[in-house]
Amino acid sequence: MVEKMLTVKNRAGIHARPAAIIAQTANKFQCEVTISHDDTEVNAKSIMGVITMAAGYNTVLKVVTDGPDETEAASAIEALFESKFEED
């Protein structure tokens, strides 16, 4: 299991487009990918689940990957956050 604390760096936060990118990326991997904030935990492979996080600018989210390709999945999701979902 890999756990990462990632900060939403794009000004618009996680809206439909970043949520879709996160879900598409998570679905490339076999492992389970979850995102949590406070008491909410969602499956990162679900666009609607990711959108319901309502994560705004500077929100810190916990991403957990668990499975055969967990390290690669965690790195791929982290890269999305670092690139600000290519929005800024």
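(A) How the structure looks around the pattern of salt bridges. Applying the stated criterion across every chain, the model contains two salt bridges. Residue K4 is joined to E78 by a salt bridge in which the shortest nitrogen-to-oxygen separation is 3.1 Å. Here the residue K4 occupies a position in strand β1 (residues 2–7), and E78 occupies one in helix α3 (residues 70–82), the gap between them amounting to 74 residues. With relative accessibility at 23%, the residue K4 sits in the partly exposed group. Residue K9 pairs with E82 through a salt bridge whose shortest N-O separation is 3.0 Å.

(B) Local environment of the nonpolar core. Counting 23 residues, the largest nonpolar core has I14, I22, V33, I35, L61, I77 and F81 as its most contacted members. Of all the secondary-structure elements, those providing two or more residues to this core are α1 (16–26), β2 (32–37), β4 (60–66) and α3. Those residues in contact with I22, other than ones at most four positions away along the chain, are I14, I35, A44, V50, I77, L80, F81 and F85.

What counts and what doesn't
- Residues numbered from 1 in each chain as written.
- Predicted model: local features only at pLDDT ≥ 70, side-chain atom pairs only at ≥ 80, totals over all residues.
- Heavy atoms only, no water.
- Salt bridge = Lys/Arg side-chain N within 4 Å of Asp/Glu carboxyl O.
- Helix = DSSP H or I, 4+ residues; strand = E, 2+ residues; numbered from the N terminus.
- Buried < 20%, exposed > 50% of the residue type's maximum accessible area, 1.4 Å probe, protein only.
- Core = buried A, V, L, I, M, F, W, Y, C linked by side-chain atoms within 4.5 Å.
- Contact = heavy atoms within 4.5 Å.

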